[in-house]
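Per-entry structural report
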Amino acid sequence: MLNKKAQAALEYLTTYGFALVVIAVVIGVLIFMGIIKIPTAGTCTGLEKLAYEDHALDANGNLALYLSNGTGYKITDISAGASGDFNAGSICAASASAVNSGADFNIACSNTGISEGQSYNGIITIAYKRGRLGLHSEKANCTGTGSGAAVIGISQPQQQGTLYLNSKFYDATMYNNSRKLARSADGATLYLVYEDGNGTKPDVYFTQSADNGSSWSATINLSDNSGASRFPAIAAASDGTIHVVWDDDTAFGIPKQEIFYKQCSGSCTSIDNWSADLNISRTGNYSSILPSVSMDSDNNANVVWQEYESGVQNEIYYKRCASNCGNYANWGAAANLSNNATYSNNPAIAISADGNRHVAWHDNNGQWDIWYKTCKYDCTNASKWSGAVDVSNNSSGSQYPSIAADSGNNVHIAWQDEPKPGNTEILYKSCPSGNDCSGFPGWGADFNVSSMLNYSMYPSIAADSGNNAYVVWVDRNANNNYDIFYRKRNSSGIWDGNLNKTSNNLGNSYPSLRVSSAPGARIEYVWTYGTAADYNVLYYGENV
């Protein structure tokens, strides 16, 4: 009987064994080709001192990594970045900047690029300091499948309405003297300009959003000419017209740039509705760069720029257009505001509710200082401007000013300063409404906004209708990379604490800030990030 069972089993294997082998081979090939996906266990391995507790990845590609501090020390300066199957452009942030020994914390990463049902094998690299020890990093190798479940119980990185636009240029949102964002008068539409191109010739690009940055229109190339078009600035008038300026070498070639202008009064997502390029500087053999534009209450476009005039001399020029600015005949004469024999660079302009124009720049009269002038009437006449005031008035190098005026006619300036070698800080000064800003006594004391004892650079300042001022800047982090920081000055003069808005190692740089009162009080800014040839523009906005 047993011999018959054994014989039957042998006959079964002989008959069907080959077919089973063929099926196994086919399944193996399908798995190898990715046609069949084997569910992967959701776990993270490879950590050393940090203890893994759990992780989740939702349908929108947001990752939550739950950890415990097992180092035996308090850890600080926590940052994280994504790689592997996770999008390298993902924004990661820790739930706390300092975690006690044995305490729980988490890492949140947005835009990992993993969708629901997609298996992944991604890496989260976490850097931190342990007590008095130096910087340490660990890698969590996370596998699993996008669940589709919402990630809960964790604060996602603070990039609301995140916008990712590829750019071939590391300075896509440079410089801090000009605004890259503007809003329509009703607050409903947000406009953005930045620099992109084929990697060798930059152009000026435009996009807009009708939902506070959650989605954006297709980008259009505003310059699209044979030259290099760089450093755009944008402003929106109350009549609905959008004004854009940039510097361009189409007419002459580097180093002979001119300031170009373009406007649009409706349906601006189509290039057909923009005016033709207009050279508004027309300085011939001189080079005009780094423009900034601001609108006054009469919808006049006010533009300032830096003009190279000799080997030892740059000047700051101002020009105004009253209406139909696509026609050069409607632009006034250019007024030389600096009019000295030194380097006058990086002008920024703001216009207060009382109609005063406020212009700041940095000037080298033996050392770099921040200079300021103001004018209210007939400002295309240089003699109508006030005398130049050395606002910084210190013995250190003061550069890259940004200027804003609030609804109470208070004037705010932030700049980059070097109080001691190897340490740049962001300093701030204001001229309260009613003071004579054309004289140094009208300005308050310097305030150190950053206080980082590190490299703090390129501040951008804006103010809201409640007379609060906001400053963003870029600061070098513990990994010798750069993060975006933010700080608010309340109308009372009291400053909130510094906030690190990025906490990653993605090369964040050149932030450009704006603040609006509609819809709601809202702070929003863009910056360039990336550490390789393909850079990105990132948008952040929140109601405050």
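No experiment lies behind these values; they were computed from the predicted model shown.

Cut-offs used in this document
Residues numbered from 1 in each chain as written. Predicted model: local features only at pLDDT ≥ 70, side-chain atom pairs only at ≥ 80, totals over all residues. Heavy atoms only, no water. Disulfide = S-S within 2.5 Å. Helix = DSSP H or I, 4+ residues; strand = E, 2+ residues; numbered from the N terminus. Buried < 20%, exposed > 50% of the residue type's maximum accessible area, 1.4 Å probe, protein only. 1 Å grid on protein atoms, 1.4 Å probe; cavity = no way out; pocket = protein on both sides within 12 Å on 5 of 7 lines; lining within 4 Å. Points joined across faces, edges and corners; volume = space filled by probe spheres on them. Nonpolar A, V, L, I, M, F, W, Y, C, P; charged D, E, K, R; others polar. Polar contact = N/O pair within 3.5 Å; in protein donor to acceptor, adjacent residues only side chain to side chain. Pairing = 2+ DSSP bridges. Contact = heavy atoms within 4.5 Å. Phe/Tyr/Trp six-rings, centres within 6.5 Å; stacked < 30°, edge-to-face > 60°. Lys NZ or Arg CZ within 6 Å of the ring centre and 35° of its normal. Axes fitted to C-alpha atoms, helices over the stretch in contact; angles between N-to-C directions.

**A word on the state of the cysteines**
Overall, the coordinates contain 6 disulfides when judged by the stated rule. A disulfide bridge connects Cys44 with Cys142, and the sulfur atoms are separated by 2.0 Å. Looking along the S-S bond of the Cys44-Cys142 disulfide, the torsion reads about 110 degrees, which is the right-handed sense. Remark: Cys142 occurs in strand 9 (residues 135-145) and Cys44 occurs in strand 1 (residues 43-45); sequence separation between them is 98 residues. The same class applies to Cys44 as to Cys142, namely buried.

**Some words on the layout of surface pockets**
The computed volume of the largest pocket comes to approximately 1,100 Å³. Sorting elements by how many residues they give to the lining of the largest pocket places strand 35 (residues 509-516) first, with 4 residues. A breakdown of the residues in the lining of the largest pocket according to their chemical character gives 22 nonpolar, 12 polar and 6 charged.

**What about the side chain of Glu542?**
Counting through the fold element by element, Glu542 comes out in strand 37 (residues 535-543). Of the polar contacts made by the side chain of Glu542, one reaches the side chain of Tyr540; its length is 2.8 Å.

**Let's talk about the pairing of strand 36 (residues 522-529)**
For strand 36, the buried fraction is high: 8 of the 8 residues fall into the buried class. Of the two faces of strand 36, the one holding Arg522, Glu524, Val526 and Thr528 and the one holding Ile523, Tyr525, Trp527 and Tyr529 are both buried throughout. In this sheet, strand 37 lies alongside strand 36 in antiparallel orientation, the contact comprising 8 bridges. The residue of strand 37 that forms the bridge with Trp527 is Leu538.

**Re the environment of Ala335**
Tracing the backbone shows Ala335 in strand 22 (residues 335-336). Look at Ala335 and you get buried, because its relative accessible area is 1%. In the structure, Ala335 is positioned 49 residues away from Lys384 in sequence and 9.7 Å away in space, judged by C-alpha atoms. Not counting the four nearest positions on each side in its chain, Ala335 is found in contact with Ile316, Tyr317, Tyr318, Cys379, Thr380, Asn381 and Ala382.

**Description of the sheet that holds strand 31 (residues 456-463)**
By definition, the strands of a sheet pair up through backbone hydrogen bonds, in either a parallel or an antiparallel sense. As summarised here, the arrangement of the 4 strands in space is 31-32-33-34, forming an open sheet in which the pairing is antiparallel. Two strands close off the open sheet at either side, each with one partner strand: strand 31 and strand 34 (499-500). Direction of pairing for strand 32 (residues 469-476) relative to strand 33 (residues 482-489): antiparallel, over a ladder of 8 bridges. If you follow Ala469 over to strand 33, its bridge partner there is Arg489.

**Quick look at the packing of aromatic side chains**
Across all of its chains, the model carries 22 aromatic pairs by this definition. Summarising the aromatic geometry, the rings of Phe206 and Trp274 are spaced 5.1 Å apart at their centres and angled 70 degrees between planes, so their arrangement reads as edge-to-face. A residue pair is termed long-range when its members are at least 10 positions apart, and Phe206 in strand 13 (residues 202-209) and Trp274 in the loop between strand 17 (258-264) and strand 18 (278-279) qualify at 68 residues. There is no split in this pair, since Phe206 and Trp274 are both buried. Relative to Tyr510, the ring of Tyr458 lies with its centre 5.0 Å away and its plane at 55 degrees, an arrangement referred to as tilted. Residue Tyr458 is found in strand 31, and its partner Tyr510 is found in strand 35; the two are separated by 52 residues along the sequence. Using a relative accessible area of 14% as the deciding quantity, one classes Tyr458 as buried. Classification of Tyr510 by relative accessible area gives buried; the value is 10%. Each member of the aromatic cluster is reached from another via a ring pair, and the members are Tyr170, Tyr175, Phe231, Tyr400, Tyr458 and Tyr510. Here Arg282 stacks its cationic end above the ring of Tyr328, 3.6 Å away from the centre of that ring.

**Side note on the sheet that holds strand 5 (residues 91-94)**
Reading across from one edge, 2-3-7-5 is the order of the 4 strands in this open sheet, with antiparallel pairing throughout. Each edge of the open sheet carries a strand with a single partner, namely strand 2 (50-57) and strand 5. With direction set aside, neighbouring strand axes in the sheet form an average angle of 20 degrees. Where strand 2 and strand 3 (residues 63-69) come together, 7 bridges link them in antiparallel fashion. The partner of Tyr52 across the bridge, within strand 3, is Leu67.

**Thoughts on the environment of Ala334**
Its place among the elements puts Ala334 in the loop between strand 21 (313-321) and strand 22. Those residues in contact with Ala334 that lie beyond four places of it in its chain are Trp305, Tyr317, Tyr318 and Lys319.

**Considering unusual backbone geometry**
Cis rather than trans, the peptide bond between Met174 and Tyr175 has omega equal to 0 degrees. As for its position among the elements, Tyr175 is in the loop between strand 10 (164-167) and strand 11 (181-183). Phi is positive for Arg282, which is not a glycine, with a value near 50 degrees. Positive phi values are uncommon outside glycine, yet Ser451 reaches one of about 50 degrees.

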